[in-house]
Amino acid sequence: MPKDGGIGASSKRREDVRFLTGDGNYTDDINVNGQTYAWFVRSDVAHGTINGIDTSAAEAMDGVLKVFTSADFESAGGIPCGWQVTDRHGQPMQEPKHPILAEGKVRHVGDPVACVVAETLEQARDAAEAVELDIDELEPVLDMKAALADGAPKVHDELTSNLCYDWGFVEENKEAVDEAIKSAAHVVTLELTNNRLVANPMEPRVAVADYNRATGDYTLYTTSQNPHVIRLLMGAFVLSIPEHKLRVVAPDVGGGFGSKIYHYAEEAFVTHASKVVNRPVKWTSTRSEAFISDAHGRDHKTKIELALDENHMFTAVRTDTYANMGAYLSTFAPSIPTWLHGTLMAGNYKTPVVYVNVKAVFTNTTPVDAYRGAGRPEATYQLERVIDKAARELGVDPAELRRKNFIKPEEFPYDTPVAVTYDTGNYHATLDKALEMTDYAGFEKRAEESKARGKLRGYGLAHFIEACGIAPSNLVGQLGARAGLYESASVRVNATGGITVMTGSHSHGQGHETSFAQVVADMIGIDENMIEIEHGDTANTPMGMGTYGSRSIAVGGSAMVRATEKIINKAKKIAAHLMEASESDIELKDGQFSVAGTDKSVAWGDVTLAAYVPHNYPLEEIEPGLEETAFYDPSNFTYPSGAYVCEVEVDPETGKVEVLGFTAADDFGNVINPMIVEGQVHGGVAQGIGQAMLENCVYDENGQLLSASYMDYTMPRADDMPMFDVDHSCQTPCTHNPLGVKGCGEAGAIGSPPAVVNAVIDALHRGGFTNVEHIDMPVTPARVWAAMNS
Amino acid sequence: MKLSDSRVIAAPRDEVWAALLSADVLKDCVPGCQEMTGSPEDGFEAVVVQKVGPVKATFKGGVTLSDMVEPESLHLSGEGKGGAAGFAKGGADVKLEEVPEGTKLIYDVEAKVGGKLAQLGSRIIDGFAKKMADQFFERFQQTVEGPGEEDSADGEAETDEADGEGEKKGWLKRTFSS
């Protein structure tokens, strides 16, 4: 019986009313009185020496207030990187300066070199055309392996090479892994590319800064997933503005997918420029700029080896990965191929030893950072592809090969050989569920039907695990994080019982305003509509770390639970006073405080009113008012997992792949709002299918991004997608957070790419193309056709 | 992108060579050329208006001649900056061989684009570059040979920014015959 409110109810998303009626308030909707407009002059070569920038003609043009170059930022710091990785030899990664505007050299197409601030957008744009750049083009560094060759041109002259770090994990296990592979009964090897993607949120990035000369206060409105992080990074490391003089507001944000986590140069630019020109400054990215200046995702090249014994039990995994950092280190970039990737290489399996080597490389391309899943899709893709290949080589059922190697339900908590401990899970349950949902047993018959129509049908299975609920601060601190990753919430109860929750999490599509309210409503037993969720403004929310890594309900939700528990405890004290009873006898149910074993009760609203109108109140024992704050730091990651199945038909004449069905059986632990969870899985799967079949960044040999518009970068559309079959009935609640939740935001994008590619390879093998071992994503008709005809 | 081709021009090699070094000839032959000034020794300054796919821009840039072996071969290179549209640059190795019909002009062209041109026009840039090269050498042939020997090339009608055909043919004949 579906609930009609509280935890577990599919409450409709209240925020959709404003989004669907055009009443959202996005950053570009914010116009500050007297605002000016910024237009960036960006490098159109990938690598070059800046001989000079002539701004004189531009500065003489109508409406131009100032043309900025790097000389205007001499006192500012570079854009900081939030994570330091230590390499195999104990050395810190190479960390080049990331200037706000290019200094001395340009390092990727789109690198901002100068910026015009003018009265109107048109004037700024026109004047930007008149800025004369004198740049000597240098040979670009593009291919990662070539970038590490002796004598390769360097992206950063001050570094010793283009190698950011050479990371080994777990370094102590290297010999054991080498030995296990050497002595294995079977070793299955696969080389693959995890294709570079552009996040493409519907709303491009925007930043509006307003400096107040009278007070010395700065306000920055920006399209961010984490306004407090931007305030800290930009204030403390770039512009030297103390937090109490800097307010950062991330209002309605139209999607992020990771690309709006990072502190970008444009944010620091408008903030500084607003003070210099003493006017508000607005910058709105065009879609063309977004393609070359938003951080990209993925871009790994990997060789993976899986060793198995004679009983087909996994004995070791060894990987060798090149990870593209792009031209500069974006905020979290170094952590993605390491701690969000290496720690997942055990997957759902009992592989005893794992060794992951990652070489992170600077190239003359747009910086690369987290994109939905971030490191975990890369890990899952390698592992689930090589297991599929192993099953084929060994002639065993891919589901059975996985099942026999799974960690068993009774073996949790399970210490993996890659540093993390899975608290709970049941992989057999999700696998069985997915096989049942997709009628695995009936597949052969369906394949025959396809064959009769001249099509090749394929069944692709992938299982995944992810580390979410990011993250235990003391652990990530040891791993190189330069920030804590707790979350915060303030719960403010109003006199008549309504509640405002101010959360450090940020909602940009996740539906927090609905699901967070459900949690508080459930705890107190009042209507969801009595609760309002505030987020996105550093002026009225406690210091929080924002939303990414499927962390909001697991970490932000837990902070909110802790703060609400404090509220309830205090309210019970007040209720005990009002009813002249012992606090320990007070029970709260359905918004009523009652004395156990009696018929005495007071309503929630009576207690909250007493807190603010304390005429009859234990003032000598407790303060008036009802407002509490909590900070929650998780003790472990959460580990959502699931089994994904894709069924495809390949046209052997053209290579075109049609996705006939996609099924997701996830274990997210407890679920707050099933409808929102389904929506998150739908979105993630759509992005995963997009990566597997359509999306790709292509640079030419000069470092020009060729797939830099929607004419060439193929976004998934509705007709590329089947109807999704989504289930989350397999629930092993998280053992260490108060809600038992694991997070669901990234799962779809993590589990789906290998399921799609496994299905395509299966279809080709069934069609007799048994020499096709792998096709790199995106599996376009051209690539599939070429593989069939190779 | 790279392309190679050749064509036979019904004119003596010296005459073809001289035409290659003439700013006026280059102005008439570079598709979309609005201005061309300068000399073979100091290089030429040019303003060219072109439309590549969705991007139309005025390119300002220079053309330099190098590796000149009179009257056999030279290297022509140019770079045009189109402001917000990005840039286009290219080079051509040109060889002139004496053949019974006149002079065989052999060229290897390499071109590249950057910025918005690459971002938005990459799918059509190969075809565009080929069209530009074909138009240039087609016009060059006609300019050197003079009017009446061949119909104008298919591509020329599309380049409405260029000067009228009739005017320049007459002009060249007069230049070389004077």
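Residues numbered from 1 in each chain as written. Chains lettered and ligands numbered in written order. Predicted model: local features only at pLDDT ≥ 70, side-chain atom pairs only at ≥ 80, totals over all residues.

Regarding its fold elements, chain A presents 19 helices and 31 strands. The C-alpha radius of gyration of chain A comes to 27 Å, within 12% of the 28 Å expected for a compact globule of 790 residues. Its C-alpha atoms give chain A principal-axis dimensions of roughly 85 × 75 × 50 Å. For chain A, with 790 residues in total, the buried portion stands at 57%. (Helix = DSSP H or I, 4+ residues; strand = E, 2+ residues; numbered from the N terminus. Rg over C-alpha atoms; globule rule 2.2 N^0.38 Å. Buried ≥ 20, exposed ≤ 12 C-beta atoms within 10 Å, placed from the backbone.)

Below, the discussion takes up the overall build of chain B. Of the regular secondary structure elements, chain B holds four helices and seven strands. From first element to last, N terminus to C terminus, chain B shows the α and β order β-α-α-β-β-β-β-β-β-α-α. Residues counted as buried form 39% of the 178 residues belonging to chain B. Taking all contacts inside chain B whose residues are at least 6 apart in sequence as the whole, residues at least 24 apart take part in 52%. (Contact = placed C-beta atoms within 7 Å.)

Taken together, the 13 residues of chain B in the interface contact 15 residues of chain A. Looking at the side of chain B that touches chain A, the elements that each hand over two or more residues are strand E7 (102-114) and helix H3 (116-145) of chain B. Looking at which element gives the most residues to the side of chain B that touches chain A, the answer is H3(B), with six residues. In terms of residue class, the side of chain B that touches chain A is made up of four nonpolar, six polar and three charged. (Nonpolar A, V, L, I, M, F, W, Y, C, P; charged D, E, K, R; others polar.)

Here we take up the sheet that holds strand E18 (residues 368-369) of chain A. Residues and elements named next belong to chain A. Spatially, the three strands line up as an open sheet ordered E9-E14-E18, and their pairing is mixed. Among the strands making up the open sheet, the edge pair consists of strand E9 (197-198) and E18. Summarising the sheet, strand E14 (residues 296-297) and E18 pair through two bridges and their orientation is parallel. Residue Gly 297 lies in a different strand from E18, and its bridge partner there is Asp 369. (Pairing = 2+ DSSP bridges.)

This part takes up the pairing of strand E30 (residues 657-667) of chain A. All names here are of chain A. In terms of residue burial, E30 counts as a mostly covered element, since eight of its eleven residues are buried. Inspection of the sheet shows strand E29 (residues 641-650) paired to E30 by ten bridges, in the antiparallel sense. The partner of Val 648 across the bridge, within E30, is Val 659. A loop of six residues connects E29 with E30, the two strands running antiparallel in sequence, and Gly 655 in this loop sits at a positive phi of about 80°. Note: E30 against strand E31 (residues 724-727), four bridges, orientation parallel. Paired with Thr 663 across the strands is Asp 725, a residue of E31.

Take helix H1 (residues 13-20) of chain B next. Given 3.6 residues per turn, any residue in an α-helix points the same way as the ones three and four places further on. Residue and element names in this part refer to chain B. All buried positions along H1 are accounted for by Val 16, Trp 17, Ala 19 and Leu 20. One side of H1 carries all its buried residues, which in axial view fall inside an arc of 160°. If you follow the buried residues of H1, they end up packed against strand E1 (2-9), helix H2 (23-29), strand E5 (73-81), strand E6 (87-99), E7 and H3. (Arc of directions from axis to C-beta.)

Let's shift gears to the sheet that holds strand E4 (residues 105-106) of chain A. Residues and elements named next belong to chain A. Across the sheet, three strands lie side by side as E4-E2-E6; this open sheet has antiparallel pairing. Unpaired on one side and paired on the other, E4 and strand E6 (132-137) mark the two borders of the sheet. Where strand E2 (residues 48-54) lies against E6, six bridges are found, and the strand directions are antiparallel. Looking across to E6, one finds that Thr 49 is bridged to Asp 136.

This part is about the domain arrangement of chain A. Residues and elements named next belong to chain A. Assigned domains within chain A: domain 1 (31-138 + 202-255 + 260-293), domain 2 (296-471 + 636-788) and domain 3 (486-632). The C-alpha-based centres of domain 1 and domain 2 are spaced at 36 Å. Listed by partner, the interface residues are 23 residues for domain 1 and 22 residues for domain 2. Residues of the side of domain 1 that touches domain 2, tallied by class, amount to eleven nonpolar, nine polar and three charged. (Domains from an automatic or database assignment.)

All right, on to helix H15 (residues 552-578) of chain A then. Residues and elements named next belong to chain A. Relative to the 39 Å expected for 27 residues at 1.5 Å per residue, H15 spans 37 Å between its end C-alpha atoms, a close match to the ideal helical length. Counting buried residues in H15 gives 19 out of 27 residues, a clear majority hidden from the surface. Trailing H15 by a residue or two, Glu 580 shows a phi angle of about 50°, which is positive. (Expected span 1.5 Å × (residues − 1).)

Moving on to the nonpolar core. Judged by nonpolar contacts, the single largest core of 241 residues is most densely connected at A:Ala38, A:Cys115, A:Val116 and A:Val760. Per-element tally for this core: the top contributor is H15(A), with twelve residues. (Core = buried A, V, L, I, M, F, W, Y, C linked by C-beta atoms within 7 Å.)

Residues and elements named next belong to chain A. Two elements in contact, H15 and helix H16 (residues 604-612), have axes whose closest approach is 9 Å; the angle formed by their N-to-C orientations is 95°. The pairing of H15 with H16 is recorded here as roughly perpendicular in orientation. Facing H15, whose interface residues are Ala 571, Ile 574, Ala 575 and Leu 578, H16 presents Asp 606, Val 607, Ala 610 and Ala 611. (Axes fitted to C-alpha atoms, helices over the stretch in contact; angles between N-to-C directions. Parallel < 35°, antiparallel > 145°, perpendicular 65-115°, else oblique.)

Here we come to unusual backbone geometry. Residues and elements named next belong to chain A. With an omega of 0°, the peptide bond between Phe 412 and Pro 413 qualifies as cis. Mapped onto the elements of the fold, Pro 413 is located in the loop between helix H10 (398-405) and strand E19 (414-415). Residue Ala 471 is reached from Ile 470 by a cis peptide bond, and omega for that bond is 5°. In this structure, Ala 471 sits in the loop between strand E21 (456-465) and helix H13 (473-478). Although it is not a glycine, Ala 419 sits at a positive phi angle of roughly 80°. Its place among the elements puts Ala 419 in the loop between E19 and strand E20 (421-422). For Ala 419, a count of 16 C-beta atoms within 10 Å gives the class partly exposed. Even without being a glycine, Glu 580 presents a positive backbone phi close to 50°. Take Glu 580: it is sitting in the loop between H15 and strand E25 (586-589).

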